[in-house]
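Structural characterization, general
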Amino acid sequence: MADILKRNKALSVNPLKASQPIGGSLATLGFNRAMPMLHGSQGCTAFAKVFFVRHFREPIPLQSTAMDQGSSVMGADENVVEGIKTIAEKSRPALITILTTGLAETQGADVHRNVREFREANPEFADVAVVAVNTPDFTGSVETGFAATLTEIIRALVPDAKEAGTYPGKRKRQVNVLVNYMLTPGDLEALRDIFEQFQLRPVFVPDISDSLDGCLTDEDFSPVTIGGTLISEMATLGDALATVVIGPSLAKAAELLEQKTGVPTYALDHLYGLKANDALMSALAEISGHDVPERIERQRSQLQDAMLDTHFMLGQLRIAIAADADLLNAFVDQVQEMGSEVVAAVTSCNVPLLSRIPVASIKIGDLEDMELIGKANKVQLVIGNSHAVDTAERLGTPILRAGFPLYDIIGGYQKTWIGYRGSRQTLFDLANLVINYSHEEIPVYRSVYAQKPAGELTGLNSSKALSCH
């Protein structure tokens with residue numbers, strides 16, 4: 001059981017976390033014809049948009065209620081109602097989410113009341129789903145913002161089984177899959193393939209593999225998302241065989257979905273490493289009634305071989321990880337499977353999962369905290385997002401870029417981490433970083449018995465050292 005070390009600084013020196021509105025926007029962007037609207041100043045939205053565009057390298061639909069000095073003091077209800085109306089008129093999206101920022105929350109905004117006011121005043125937009133979510137950026141992180149938004153979308157769009165007449169198993173192959181913020185478009189494509197090998201039809205909620213996968217379309221421009229989970233699919237979730245939930249952060253969303261539909265839930269912490277993927281395959285075999293396909297069995301054997309090949313580099317390797325809780329837990333499990341030692345674990349905010357992550361201590365803080373703890377514990381490799389690159393350079397270690405945002409590499413958003421194949425590739429990546437980055441070089445030996453002038457002595461000993469090697 002991990003010892004949770006609380007913050008002891010008045011500010012973040014080198015921030016690790018991205019804010020809740022960004023997480024809420026990411027969840028929204030996984031739905032078809034959707035538009036997130038941040039209730040706050042224009043700068044809040046612009047900054048979030050920069051994060052998304054640099055990470056996905058795609059145009060990102062994002063709107064703002066554009067609060068200014070006047071509305072911040074006098075009230076910004078009109079900004080919200082008019083903002084929803086304008087988006088509904090111009091873009092006719094299937095879903096609009098209203099996500100609060102720190103400014104709106106501090107001002108005392110009641111976005112749920114604003115949505116009711118919009119509904120009363122504009123009945124002609126009854127076909128546009130509007131969901132309000134409290135996501136202040138002075139608390140929580142991308143992870144909690146994503147989870148809160150998904151919970152509210154399920155609350156608003158999934159009908160109760162009694163009212164809708166749905167029942168578990170009506171759709172004999174459908175499986176609902178609640179996916180957390182850390183699964184990339186590449187992960188979801190790989191996961192879809194795994195489900196289909198068990199002859200199941202997964203409905204990802206949300207599905208960024210269809211909306212943020214970097215696919216060129218015939219349309220010149222779209223003001224809303226192209227691709228993603230159809231809003232009409234939300235009405236069918238009660239007819240599924242089962243719900244697979246990936247990530248402890250989605251526990252509340254999963255509980256709400258099961259209450260509404262009665263569909264049984266299979267909860268998985270993550271899909272990194274051998275043990276976690278064995279749990280997934282066991283669940284899918286139970287749900288489908290089919291044996292594990294031979295192709296997947298072979299991929300498992302390939303992962304086992306990779307574990308043998310890389311354990312020389314990764315066994316006893318001292319690793320520092322900086323990530324939100326779900327991703328931190330996933331990497332801790334995977335590297336500990338290989339015998340690595342997590343000497344620095346840093347996360348953005350306190351959540352229940354932290355207490356059961358199997359490390360000595362977890363620091364709730366920023367990248368400066370990881371740097372200080374890592375230096376004290378002679379860290380040899382860092383796992384973190386692109387903001388941690390400079391930290392790794394100062395520590396003199398290689399870095400495996402993972403998480404959000406990844407802005408200094410091409411295609412990071414599309415990388416596949418999950419499944420036996422993704423886990424295998426992660427082990428190769430880690431081992432290659434260790435091989436290609438020199439650790440603790442053996443210093444050149446200079447004999448005290450060498451009878452040479454000082455100038456020649458240096459050259460002589462260097463050549464001796466080289467000949468010995």
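As a reminder, the structure under discussion sits directly above these lines.
My aim in this report is to walk through the structure given alongside it, one point at a time. (Residues numbered from 1 in each chain as written. Predicted model: local features only at pLDDT ≥ 70, side-chain atom pairs only at ≥ 80, totals over all residues. Heavy atoms only, no water.)

This part takes up the side chain of K363. Its place among the elements puts K363 in strand β12 (residues 361–364). For the buried K363, which has no salt bridge, the nearest side chain bearing the opposite charge is D369, at an N-O separation of 4.8 Å. Ignoring any residue separated from it by four or fewer positions in sequence, one finds K363 in contact with L5, K6, R7, N8, A345, V346, T347, D369 and I373. (Helix = DSSP H or I, 4+ residues; strand = E, 2+ residues; numbered from the N terminus. Buried < 20%, exposed > 50% of the residue type's maximum accessible area, 1.4 Å probe, protein only. Lys, Arg positive; Asp, Glu negative; His and termini not counted. Salt bridge = Lys/Arg side-chain N within 4 Å of Asp/Glu carboxyl O. Contact = heavy atoms within 4.5 Å.)

With respect to burial, strand β2 (residues 34–39) is a largely interior element, six of its six residues being buried. Burial of the side chains of β2 extends over both faces: A34, P36 and L38 are buried on one face and M35, M37 and H39 on the other. Of the strand pairs in this sheet, β2 and strand β4 (residues 95–100) are connected by six bridges, and their pairing is parallel. In the strand pairing of β4, M37 is matched with I98. The parallel pair β2 and strand β3 (residues 63–64) is bridged by helix α2 (residues 42–56), and the resulting crossover is right-handed. (Pairing = 2+ DSSP bridges. Right-handed = clockwise from strand over helix to strand, strands pointing away.)

Another aspect to go through is unusual backbone geometry. Of note, the amide linkage connecting V205 to P206 takes the cis form, showing an omega dihedral of -5°. Along the chain, the position of P206 falls in the loop between β7 (201–205) and β8 (242–246). Of note, the bond from F404 into P405 is cis; its omega dihedral lies within 30 degrees of zero at 0°. Within the element layout of this structure, P405 appears in the loop between β14 (399–401) and α16 (419–435). For A66, which is not glycine, the phi dihedral falls at a positive 55°.

Here we come to the nonpolar core. Burial of nonpolar side chains together is a common tendency in soluble globular proteins. Among the nonpolar cores identified, the biggest contains 103 residues, and L191 and I383 are the most heavily contacted of them. If we skip the residues at most four places from it in the chain, L191 touches V177, L183, F204, I246, L271, L280 and I418. With 17 residues, the next largest nonpolar core counts M35, V80, I96 and F125 among its residues. (Core = buried A, V, L, I, M, F, W, Y, C linked by side-chain atoms within 4.5 Å.)

In space, the four strands of this open sheet follow the order β7-β6-β8-β9, with parallel pairing throughout. Where the open sheet ends on each side, the last strands, each with one partner, are β7 and β9 (265–268). Neighbouring strand axes in the sheet, compared pairwise and without regard to direction, differ in orientation by 20° on average. Where strand β6 (residues 174–179) and β7 come together, five bridges link them in parallel fashion. What sits directly across from Q174, in β7, is R201. (Axes fitted to C-alpha atoms, helices over the stretch in contact; angles between N-to-C directions.)

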